[in-house]
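A closer look at the structure
Read off the chains here:
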Amino acid sequence: MRFVWLDLERGRTVVELRCGTGLNFGLIEERIGPSGRLIGVDVTGGMLRQAGRRVEKESWKNVELIQHDVGDFDPPERVDRVLSTFALTLVPGFDRVIARAREALSPGG
């Protein structure tokens, strides 16, 4: 999967909800480059620790990891893309999460 459908370009800001161990980070980083910003959100500390190790190993300086339940997470304003692969369907009230993510998107996001 190359995330072509996300229309990711250099410098974009991407939020990944329920990022887990950061498995998608490499694919996202490949597209947004060091001038972009990647925010990974997960409720599980163990997953975020693994994601943090991945970030450290790759020396990505533009990644922020946030431990938070996505069910009541408010993404920062003006993000370019919001991504969640599969795990969002496991969140009760995921439609509210999607609505909040949509509100945070910059024009054209």
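Scroll up for the structure.
Throughout what follows, the structure given in this document is the object of discussion. Since the structure is predicted, the reported quantities are computational estimates derived from the model, not experimental observations.

1. Some points on the overall build of the protein
For the protein, the helix and strand inventory stands at three helices and four strands. For the protein, the sequential pattern of α-helices and β-strands runs β-α-β-α-β-β-α. In terms of overall size, the protein behaves like a compact globule, its C-alpha atoms giving a radius of gyration of 13 Å where 109 residues would be expected to give roughly 13 Å. In terms of its C-alpha atoms, the protein occupies a principal-axis envelope of roughly 35 × 35 × 25 Å.

2. What to know about unusual backbone geometry
Glycine aside, residues mostly have negative phi, and peptide bonds are mostly found in the trans state. Even without being a glycine, R18 presents a positive backbone phi close to 55°. Take R18: it is sitting in the loop between β1 (13-17) and α1 (25-32). In the Ramachandran plot, S59 falls in the positive-phi region, its phi being about 60° despite a non-glycine side chain. Structurally, S59 can be placed in the loop between α2 (45-58) and β3 (63-67).

3. Describing the environment of G108
Relative to the elements of secondary structure, G108 occurs in the segment after α3 (94-104). Considered as a pair, G108 and D80 are 28 residues apart in the sequence and their alpha carbons are 7.8 Å apart.

4. What about the sheet that holds β1?
Pairing in this open sheet of four strands is parallel, and the strands run β3-β2-β1-β4 from one edge to the other. Edge positions in the sheet fall to β3 and β4 (81-83), since each has one partner strand and no second. If you compare each strand with its neighbour and ignore which way they point, the axes differ by 20° on average. Contacts from α1 reach β1, β2 (37-42), β3 and β4 within the one sheet, and its direction differs from that of β2 by about 160°. Strands β2 and β3 of the sheet are contacted by α2, whose axis makes an angle of about 170° with β3.

5. Topic: the environment of G45
You can see G45 is positioned in helix α2. Under the relative-accessibility criterion, G45 is labelled buried at 15%. Put simply, G45 and R78 are 33 residues apart on the chain and 26 Å apart in space, counted from C-alpha to C-alpha.

6. Details of the nonpolar core
By size, the foremost hydrophobic cluster in this structure holds 13 residues, and its most contacted members are V14, F25, I28, I32, L38 and V63. Secondary-structure elements contributing two or more residues to this core are α1 and α2. Not counting residues up to four positions away in its chain, the partners in contact with I32 are L8, E9, R10, G11, R12, V14, R37, L38 and N62. Residues L17, I39, V70 and V91 belong to the second largest nonpolar core, which totals eleven residues.

What counts as what
Residues numbered from 1 in each chain as written. Predicted model: local features only at pLDDT ≥ 70, side-chain atom pairs only at ≥ 80, totals over all residues. Heavy atoms only, no water. Helix = DSSP H or I, 4+ residues; strand = E, 2+ residues; numbered from the N terminus. Rg over C-alpha atoms; globule rule 2.2 N^0.38 Å. Pairing = 2+ DSSP bridges. Axes fitted to C-alpha atoms, helices over the stretch in contact; angles between N-to-C directions. Contact = heavy atoms within 4.5 Å. Buried < 20%, exposed > 50% of the residue type's maximum accessible area, 1.4 Å probe, protein only. Core = buried A, V, L, I, M, F, W, Y, C linked by side-chain atoms within 4.5 Å.

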